[in-house]
Amino acid sequence: MSRQFDSLTPDAPLSDMQAISRRSFLKTSATMGALAAAGSFGLAACNSPSASGTATGSATATEGTITIWDRSGDLFQVFDATIATFNKKYPKIKVKHVSVDVDSKLPTTLNTGVNVPDGSFYEDTNLPVLASHYYDITDWIQPYTKDIVPFKLRVNTHNDRVVGIPWDLDPGLLYYREDMLQTAGISPDSIQTYDDLLEAAHKVQDKFGPKCKPIHLEQDPGLTQLWVEMFANQQGASMVDASGKLQLNSQAYLNIMNFLNRVHTENLGTRAAYFSPGDLAAIDADQVAFYPWAVWAVYGADLLFKKSKGKWRAMPLPAWTKGGARGAVMGGSSFIIPKKAKNPHLAWLFYEHLVFSKEGYSAVYGPNKIYPGGINTSLPSYLPALQTQLYKNSDGLGGQNLWQVATGTVKDIPGNFYIAPWYNQAVPYFGTNVQRMLDGQMTPQQVLQKSSSDIQTKLVDRQ
């Protein structure tokens, strides 16, 4: 989820940090939508909603008013700046752009059906909960589905129907201190697996002393769970399978727990909440050399790190097995059109422009008044948009071409990922138990067994 620091922000332990993560992106941290074929607008616009809430039939109406909800802060400002390009195509569609606390207001609004917007931003982890209230856009989005990153199309699909518009893609990467690795005599190319990462961390610690605990260990339970899901996605796994069956107690998750436990027990981890004061202090004190995280962590290198700014670089995540996948996703967001929207077909035209047209995705990701260098904390999820670099190289990464690194991992991102409707409710059980393991109170096996049992009895069985 990327977020951004104002809206982004680490407000509360979980939601805040999640916000931080993504909006900061826009933050520079959570961001972007994608592109489209120039001639496909007319085709998609031909389909209009039926009374059942499914995109069918034919309509040519391109006049009216739509209410679009987005979060406050830079995220809102960036989207707001795209309206002018939309109105060049559709001058008779008025966009009423409203800044709201989406996480708190959207669920209540959709459940009551009163004053619902025509479209809204929403975090991917929240999507399944209210899926029955979203408009079925399967027919409208059909011209683009073959060019959408499979992971994003999957998380926007409910009961085999597409009910959300995929927006940003948040690839996982391994951020590392180039200068510290050079001092320790380590080539980044030698880090091919997580075992290699542990070996490299030992070498860095040997060179810089015991105060250096080279690998970031997340301390916030909510972000911990999101982080673990990145590692799971990389292995083609998720907390539930296609049928909704819990699969937490599995080899993929045991691999993750064993790795995190080794980082802790071998004294290789700096445990801190993502970009908290303690985390930033450790980073600038040369105590952290590796930060496996979503692409939106570049926000820190660009805007938060002081002494270490310009010394960081990014590379694909290590693989869990030699030659294995090095791509994964951590977080993300999409757009939804409510079933009870007054003008769902006009809202679709807006999102089609924003996500699937060159003018739209360029306005969002490219250089703009809010971000002169463009937004580099995520990628578009529409593959044609990845063919041309949209944002400038990162000063925080010493001018490295982050676009090239991040887009290079997309082909390796497994697409069979499923978000459980109780995902957020699982944090007190799973995310918290991972922290207990890092406190030395639980073994990797106990984390998975206890979390699975609690989630099954307290969340799954009660639905």
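Computed from a predicted model, the values in this text were never measured in an experiment.

Peer 1: Describe in detail helix H17 (residues 430-438), supporting the description with residues and values.
Peer 2: For H17, the buried fraction is high: seven of the nine residues fall into the buried class. Along H17, the positions that sit buried rather than exposed are Phe 430, Gly 431, Asn 433, Val 434, Gln 435, Met 437 and Leu 438. As for H17, its buried residues are in contact with strand S11 (215-218), helix H10 (221-234), helix H11 (251-265), strand S12 (269-272) and helix H18 (444-460). Gly 440 sits one or two residues past H17 and shows a positive phi near 85°.

Peer 1: Which residues make up the nonpolar core, and what values go with them?
Peer 2: Counting 138 residues, the largest nonpolar core has Tyr 175, Leu 260, Phe 290 and Phe 430 as its most contacted members. Element by element, the count of residues in this core is highest for helix H14 (residues 344-356), at nine residues. Leaving out residues up to four positions away in the same chain, Phe 430 has contacts with Gln 225, Val 228, Met 239, Leu 248, Tyr 253, Met 257, Val 447, Leu 448, Ser 451 and Ile 455. Membership of the second largest hydrophobic core comes to 13 residues, among which are Val 100, Val 102, Leu 127 and Val 163.

Peer 1: Give me the pattern of salt bridges: which residues, what numbers.
Peer 2: As enumerated under the stated definition, the model contains 14 salt bridges in all. The residue Asp 147 makes a salt bridge to Lys 146 at a minimum N-O spacing of 3.1 Å. A relative accessible area of 65% places Lys 146 in the exposed class. Two residues, Asp 286 and Arg 177, come together in a salt bridge whose shortest N-O distance is 2.9 Å. Of the two residues, Asp 286 is situated in the loop between helix H12 (277-284) and strand S13 (290-294) and Arg 177 in strand S10 (residues 172-177); the sequence distance between them amounts to 109 residues. Ionic contacts of the salt-bridge type, sharing partners, join the residues Arg 71, Asp 103 and Glu 123 into one network.

Peer 1: Could you give an account of the packing of H11 against H17, naming the residues involved and the relevant values?
Peer 2: Running from amino to carboxyl end, H11 crosses H17 at an angle of 40°, the nearest separation of the two axes being 9 Å. Judged by the angle between their axes, H11 and H17 are oblique. Helix-helix and strand crossings are classified by hand; for H11 and H17 the assignment is right-handed. Across the interface between the two elements, Tyr 253, Met 257, Leu 260, Asn 261 and His 264 from H11 touch Phe 430, Val 434, Met 437 and Leu 438 from H17. Residues that form the contact of H11 with H17 fall into these classes: seven nonpolar, two polar and no charged.

Peer 1: For the pairing of strand S3 (residues 64-70), give the residues involved together with the corresponding values.
Peer 2: Taken residue by residue, a regular strand's side chains alternate between the two faces of the sheet. The sheet contact formed by S3 and strand S4 (residues 93-99) spans seven bridges and is parallel. Following the sheet pairing, Thr 65 is matched in S4 by Lys 94. The sheet contact formed by S3 and strand S5 (residues 119-123) spans two bridges and is parallel. Directly across from Trp 69, in S5, lies its bridge partner Ser 120.

Peer 1: Can you lay out the packing of aromatic side chains for me, pointing to particular residues and giving the numbers?
Peer 2: Each aromatic ring pair is characterised by the separation of its centres together with the angle its planes make. Summed over the entire model, instances satisfying the criterion amount to 35 aromatic pairs. Ring geometry for Phe 86 and Phe 350: centres 5.3 Å apart, planes at 85°, overall edge-to-face. Placement of Phe 86 in helix H4 (residues 83-89) and of Phe 350 in helix H14 is noted, with a sequence separation of 264 residues between them. Assigned by exposure class, Phe 86 and Phe 350 land together as buried. Considering the side-chain rings of Trp 227 and Phe 231, the 5.2 Å spacing of their centres and the 55° angle between planes classify their relative orientation as tilted. Linking Trp 227 with Phe 231, this pair stays in helix H10, spanning four residues, or about one helical turn. Aromatic rings pair up to connect Tyr 194, Trp 227, Phe 231, Phe 259, Tyr 274, Phe 275, Tyr 291, Trp 293, Trp 296, Phe 305, Trp 312 and Trp 320 into one cluster.

Peer 1: Which residues make up the sheet that holds strand S8 (residues 165-166), and what values go with them?
Peer 2: The strand order across the open sheet formed by five strands is S4-S3-S5-S15-S8, and the pairing between neighbours is mixed. Each end of this open sheet is capped by a strand with a single partner; those strands are S4 and S8. Helix H5 (residues 102-112) contacts S3, S5 and strand S15 (333-336) of the sheet and is inclined by roughly 125° relative to S5.

Peer 1: Quick one: what's the story with unusual backbone geometry, residue by residue and with numbers?
Peer 2: Phi is mostly negative for residues that are not glycine, and the peptide bonds are mostly trans. The residue Asp 160 is not glycine, and still its phi comes out positive at about 65°. Checked against the element boundaries, Asp 160 lands in the loop between strand S6 (157-158) and strand S7 (161-162). Of note in the backbone geometry, Asp 286 takes a positive phi value of approximately 60° without being a glycine. Taking the relative accessible area as the measure of exposure, Asp 286 reaches 30% and is therefore partly exposed.

Peer 1: Any details on H14? Residues and values, ideally.
Peer 2: Along its 13 residues, H14 runs 17 Å from first to last C-alpha, staying within 8% of the 18 Å computed at 1.5 Å per residue. Across the 13 residues of H14, 13 count as buried, placing the element largely inside the fold.

Peer 1: Would you mind going over the packing of H10 against H11 in detail, with residue names and values included?
Peer 2: The relative placement of two packed helices comes down to the angle between their axes together with the axis-to-axis distance. Where H10 contacts H11, the two axes come as close as 9 Å, and the packing angle between them is 125°. Judged on the interaxial angle alone, H11 and H10 are oblique. Crossing of H10 against H11: the hand is right-handed. On H11, the residues that touch Trp 227, Val 228, Glu 229, Phe 231 and Ala 232 of H10 are Tyr 253, Ile 256, Met 257 and Leu 260. Of the residues belonging to the contact of H10 with H11, the class tally is eight nonpolar, no polar and one charged.

What counts, and where the lines are drawn
Residues numbered from 1 in each chain as written. Predicted model: local features only at pLDDT ≥ 70, side-chain atom pairs only at ≥ 80, totals over all residues. Heavy atoms only, no water. Buried < 20%, exposed > 50% of the residue type's maximum accessible area, 1.4 Å probe, protein only. Helix = DSSP H or I, 4+ residues; strand = E, 2+ residues; numbered from the N terminus. Contact = heavy atoms within 4.5 Å. Core = buried A, V, L, I, M, F, W, Y, C linked by side-chain atoms within 4.5 Å. Salt bridge = Lys/Arg side-chain N within 4 Å of Asp/Glu carboxyl O. Axes fitted to C-alpha atoms, helices over the stretch in contact; angles between N-to-C directions. Parallel < 35°, antiparallel > 145°, perpendicular 65-115°, else oblique. Left-handed = near helix turned anticlockwise from the far one by under 90°. Nonpolar A, V, L, I, M, F, W, Y, C, P; charged D, E, K, R; others polar. Pairing = 2+ DSSP bridges. Phe/Tyr/Trp six-rings, centres within 6.5 Å; stacked < 30°, edge-to-face > 60°. Expected span 1.5 Å × (residues − 1).

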